[in-house]
Structures are given as structure tokens and as C-alpha cells.
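# Fold and contact review
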Amino acid sequence: MSETIKIAYLYEDLMNTYGDSGDVKILSFLLKEQGYDSQVDNISIDTKNFNAADYDFLFFGGGQDFEQSVVAKDLVRNRETIKDYIEANKPMLCICGGYQFLGKYYETVGGDTIQCMDILPMHTVFKADSRMIGDTTYETEWGTVHAFENHSGRTYFDDKDKLKPLGKMIEGYGNNPEDKAEGMRYKNTIGSYSHGPILKNENIAKAIAEKIITAHKERMAEMAK
Ligand code: GLN
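So, how was this worked out
Residues numbered from 1 in each chain as written. Predicted model: local features only at pLDDT ≥ 70, side-chain atom pairs only at ≥ 80, totals over all residues. Heavy atoms only, no water. UniProt positions renumbered as here; feature names shortened; annotations may be inferred. Buried < 20%, exposed > 50% of the residue type's maximum accessible area, 1.4 Å probe, protein only. Helix = DSSP H or I, 4+ residues; strand = E, 2+ residues; numbered from the N terminus. Arc of directions from axis to C-beta. Contact = heavy atoms within 4.5 Å. Pairing = 2+ DSSP bridges. Core = buried A, V, L, I, M, F, W, Y, C linked by side-chain atoms within 4.5 Å.

Per an unreviewed UniProt entry, the protein is named Lipid II isoglutaminyl synthase (glutamine-hydrolyzing) subunit GatD, and its organism is Companilactobacillus mishanensis. Taken from UniProt, the Sequence similarities (unreviewed entry) comment for the protein reads in full: "Belongs to the CobB/CobQ family. GatD subfamily." Quoted verbatim from the Subunit (unreviewed entry) field of UniProt, the annotation for the protein is "Forms a heterodimer with MurT."

Okay, structure coming up:
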């Protein structure tokens, strides 16, 4: 019988723009190739007592500003468990709105400030001149990634020693128009503005699948103690 990898899809019903759910499907496919089944749980506003440590991977997709404002209110109660999970080196992938939630706040087009989880030193602001829409290409540790972006938020790192970009921009905006950088890496957490879904890029998908298998083995070893 094959082992089951547990994936928590954060607010799947509210944060699911531009086919980001494809990332989870691709990972489940790659894990199956390695002999693992996967169980995907939607962690949302009706989920009681979410414990991130019960999972091998957390996924947080993109969303519209309205849905983000709804999610932000509920996210407060899950902040500590998600922070502990990230600090414990476990793998997480956050796309666009989900990525913005890792920082301190997100200023919307409508002039609202959405309080985010404030887990990592970054923040996201809006400037009236342009929405960042189009194809993106960037160079990462795992090779070139092709995707597309569609966001009004501009993300800036507040601590450039702690947070590293996921990639160096070749085409498109990425985090903001100035830094020529796309996404963020901290421990085994990756944030990115890339839809497409991003994991249609086999290089990065395989790297994340490996991290998930390692996290699963560690969780199983911990449970066996
Ligand atoms: N609403 C956010 C923005 O416009 C995130 C968009 C997204 O997740 N696609 O910046």
C-alpha cells in the first residue's frame, strides 16, 4: 500500500485565480510517480483547529482583493501554526495574493490596507500608474521559469539579508518594477507572482516535490518516535 502525503490547500475555495490549483494537481502527479498518494485538504473559514504540523506541504494561491479581505480576517487565527511550520523548514508555496499574505500588509487599488500575517519582513503597496500583467521569464537556482503575472500589488523586502528573490527577471515585472526580481525564498518557503500555473515548469516542480517527500519522511519518523 502506498503512503499518503498530506497537502493543506489554504482557502482553496477563495484563493484560486488563474488556475493556481494546477500547481497542486501537478505536484500530486509527480508524487504519484514517486509512489505516494496525496490527500489535499481545503483549509478555509469553516476549518476548526488547523495544525500545519500535520501536513507535508502548504499551498496558498492567488486571489482578488475582495476575497483577500475576507481571508485576512480568518487568517489571524492560523498565523502562529503557519509561522511555526515555515520556521521548521517545511515546504510551502504561495502565489500572488497568497505570497502577499506572508508580509506585513497589502494596500489595494481601492485604498484599503489589508493586514497580512506579518510572518516575513516584506510589504505590498499599490501605485496608480500600472497593473503588472503579462508573460514573465526569470532565472532561478533550478533554471529558467516561464509564467505569467497579473497583479496590482508591488512587493518590497524589508530585510534583504533574510529574504532572497526566487529569480532574476528576464521578462516582465516580478515583485515590483524596480528590483528586477521575482518572488521570494525563505528556508523552504517560496513566494511568487507566477501563475500559469508556475509548476508547469518541470524544473521547479520537481524541486518542490523532492522537498515535500523529505518533509513527509521527517514527519513519519517523528510520529514513529
Ligand atoms: N489582488 C492582488 C493584486 O492584485 C493579487 C492578485 C492575484 O493573486 N492574482 O495584487
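Let us now look at helix H2 (residues 65–75). Among the residues of H2, those classed as buried are Gln68, Val71, Ala72, Asp74 and Leu75. Projection of H2 onto a plane perpendicular to its axis shows the buried side chains occupying an angular sector of 165°, all on one side. Among the exposed residues of H2, those pointing more than 90 degrees away from its buried face are Phe66 and Lys73. The inward-facing, buried residues of H2 contact strand S3 (57–60), helix H3 (79–87), helix H4 (97–100), strand S5 (105–107) and strand S6 (113–115).

Next up on the list: the UniProt feature "active site" (unreviewed entry) in the protein. If you check UniProt for "active site" (unreviewed entry), the listed places come out as Cys96 and His195 in our numbering. Taken together, the annotated residues stretch across 100 residues yet fold into one region, lying no more than 7.9 Å apart by C-alpha. Setting aside its immediate chain neighbours within four residues, cysteine 96 contacts Gly62, Asn150, His151, Ser192, Tyr193 and His195. Using a relative accessible area of 0% as the deciding quantity, one classes histidine 195 as buried. With residues up to four places along the chain from it excluded, the contact list for histidine 195 reads Thr17, Tyr18, Asp20, Gly62, Ile95, Cys96, Ala147, Phe148, Glu149 and Asn150.

Attention now goes to the pairing of strand S11 (residues 167–171). In this sheet, S11 lies alongside strand S8 (residues 132–140) in antiparallel orientation, the contact comprising four bridges. Paired with threonine 137 across the two strands is glutamate 171, which belongs to S11.

Grouped together as the largest cluster of nonpolar side chains are 59 residues, with contacts concentrated most on Phe60, Ile82, Met92, Phe101 and Leu102. Secondary structure elements with two or more residues in this core: strand S1 (4–10), helix H1 (21–33), S3, H2, H3, strand S4 (92–95), strand S13 (184–186) and helix H5 (202–224). The leading source of residues in this core is H5, at six residues. Residues in contact with isoleucine 82, not counting those within four places in the same chain, are Leu10, Phe50, Ala52, Leu58, Leu75, Met92, Met117 and Ile119.

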